[in-house]
Amino acid sequence: MAFAAEKLQSDDALLDAYSASVADAVDRIGPAVCRIERIGAGGHGSGFVIAQDGLVVTNFHVVGDARAVRVTMPDGAAREGHVLGRDPDTDIALVRADGSFADVAPLGDSKRLRRGQIAIAIGNPLGFEWTVTAGVVSALGRSMRASTGRLIDDVIQTDAALNPGNSGGPLVSSAGEVIGVNTAMIHGAQGIAFAVASNTANFVISEIIRFGRVRRAFIGVSADTTNLPRRAALLSQVTTNTAVRLRSVEKNGPAAKAGLKEGDIIAAIDGRPVTGVDDLVRMLDAERIGRETLCTVVRRSGVSQVAVTPVARS
């Protein structure tokens, strides 16, 4: 009996610790989560404030082609917001809401994520305001197809329940940092949902702030983050444990013309390690358009240098 009582107390303590972690993260991020509605159009989604001057992150498919949206905070205050820029290829949009905001949701480093860690989704699903669901990070480095037909790389898979209206809201770690932007669920599947990784979102936000749009160099591949075997790391002269494996290579694209193939591992670009898909996305910026780029490629036959010339992404 004494053992059973001790075990029950231990289980209660673990549950309390889990509940406290989730509740603390929600207390920190929840006040920065908003409801977003297109002015003059139906439908709504979620978003979150990342700067006190009113920068709000959401999904492209939430704002669509709208120039103005209504941003409503948990305290009921409604502001008008103007869409600063949108990136259909990653389903990210950036809004500037009128006024100043005391509560912000900081973007964390998604590269530090591990499968199995707590993932908390906050949003406005099915008209139920500021709802919280929790689960775990199920997988990392997934790819999913955007509304443009292009693949979004570096996507987080989670079992935190998402429903229509959650789109654009934050996926939050137990440390109270935004690790992803909730973007989609699979209809008919049992609890499979996706979020664009925070590092990818950060890159898109920076580009929109600087240029009003995301400028990209295009080589025609989709990729996953993969472990880099020790021997391959030594041969390629990189000091990292991960790289990217090409899942597909677009026919007649720059990568295919250069000789890259499905299954190739890119360990470095111009001598700089590529530790994950977010590195690949960030390195293929506008500065590389039309410029020969040297990829360090690991294959079963060994390591080779492949010169690829990116083109502008239309």
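Everything below is about the structure shown above.
Residues numbered from 1 in each chain as written. Predicted model: local features only at pLDDT ≥ 70, side-chain atom pairs only at ≥ 80, totals over all residues. Heavy atoms only, no water.

**Focus: the overall build of the chain**
- For the chain, the count of helices and strands is six helices and 20 strands.
- The C-alpha radius of gyration computed for the chain amounts to 21 Å, which stays within 12% of the reference 20 Å derived for 314 residues, consistent with globular compactness.
- Its C-alpha atoms give the chain principal-axis dimensions of about 65 × 60 × 35 Å.
- Relative to its 314 residues, the chain shows a buried fraction of 49%.
- Total accessible area computed for the chain in this model is approximately 14,900 Å², and 49% of it derives from carbon and sulfur atoms.
- Where the 34 positive side-chain charges of the chain centre and where its 33 negative ones centre are 10 Å apart. (Helix = DSSP H or I, 4+ residues; strand = E, 2+ residues; numbered from the N terminus. Rg over C-alpha atoms; globule rule 2.2 N^0.38 Å. Buried < 20%, exposed > 50% of the residue type's maximum accessible area, 1.4 Å probe, protein only. Areas by Shrake-Rupley, 256 points an atom, 1.4 Å probe, with all protein chains shown as cover. Lys, Arg positive; Asp, Glu negative; His and termini not counted. Charge placed at Lys NZ, Arg CZ, Asp CG, Glu CD.)

**Focus: the layout of surface pockets**
- Here the largest pocket defines a volume of roughly 590 Å³.
- In terms of lining residues, the largest pocket is bounded by 22 residues, among which L113, L140, G141, T225 and T242 are the most central.
- Within the residue set of the lining of the largest pocket, elements represented by two or more residues are β8 (131-145), β9 (151-158), β14 (221-227) and α6 (277-283).
- At four residues, β8 tops the list of elements feeding residues into the lining of the largest pocket.
- Taken together, the residues of the lining of the largest pocket break down into seven nonpolar, nine polar and six charged. (1 Å grid on protein atoms, 1.4 Å probe; cavity = no way out; pocket = protein on both sides within 12 Å on 5 of 7 lines; lining within 4 Å. Points joined across faces, edges and corners; volume = space filled by probe spheres on them. Nonpolar A, V, L, I, M, F, W, Y, C, P; charged D, E, K, R; others polar.)

**Here we look at the nonpolar core**
- Counting 66 residues, the largest nonpolar core has I120, L260, I266 and L280 as its most contacted members.
- Apart from the residues lying within four places of it in its own chain, the contact partners of L260 are L246, V249, A255, I266, V297, R299, V306 and V308.
- Residues L162, A193, A195 and A197 belong to the second largest nonpolar core, which totals 12 residues. (Core = buried A, V, L, I, M, F, W, Y, C linked by side-chain atoms within 4.5 Å. Contact = heavy atoms within 4.5 Å.)

**As for the environment of F48**
- Summarising the element assignment, F48 is placed in strand β2 (residues 44-49).
- F48 sits in the buried class, given a relative accessible area of 0%.
- Each C-alpha atom, one on F48 and one on N59, is 10 Å from the other, the two residues being 11 residues apart in sequence.

**Some thoughts on the sheet that holds strand β4 (residues 68-72)**
- Spatially, β1-β2-β3-β6-β5-β4 is the arrangement adopted by the six strands of the closed barrel, whose pairing is antiparallel. Averaged over all adjacent pairs, the angle separating strand axes in this sheet is 40°, with direction ignored.
- Of the strand pairs in this sheet, β4 and strand β5 (residues 78-87) are connected by five bridges, and their pairing is antiparallel. The residue of β5 that forms the bridge with V69 is G81. (Pairing = 2+ DSSP bridges. Axes fitted to C-alpha atoms, helices over the stretch in contact; angles between N-to-C directions.)

**Quick notes on the pattern of salt bridges**
- All told, the structure shown has 12 salt bridges when counted by the stated rule.
- As a salt-bridge pair, E37 and R35 come within 3.6 Å of each other at their nearest N and O atoms.
- Residue R35 is classed as buried on the basis of its relative accessible area of 16%.
- Across the pair R247 and D224 runs a salt bridge, and its minimum N-O distance is 3.4 Å. Linking R247 in strand β15 (residues 242-249) with D224 in strand β14, this pair joins segments that are 23 residues apart in sequence.
- Overall, D224 belongs to the partly exposed group, its relative accessible area being 22%. (Salt bridge = Lys/Arg side-chain N within 4 Å of Asp/Glu carboxyl O.)

**Considering the pairing of strand β16 (residues 265-269)**
- With five of five residues buried, β16 is to be regarded as a mostly interior element.
- Pairing geometry for β15 and β16, over two bridges, is antiparallel. Along β16, the bridge assignment pairs V244 with I266.
- With four bridges joining them, β16 and strand β18 (residues 293-299) adopt antiparallel strand pairing. Bridged to I265 within β18 is V298.
- Taken together, the two bridges between β16 and strand β17 (residues 272-273) define a ladder with antiparallel strand orientation. In the sheet register, I269 faces β17, and the bridge partner there is R272.
- Counted along the chain from β16 to the antiparallel partner β17, the turn is two residues long, and its residue D270 has a positive phi close to 50°.

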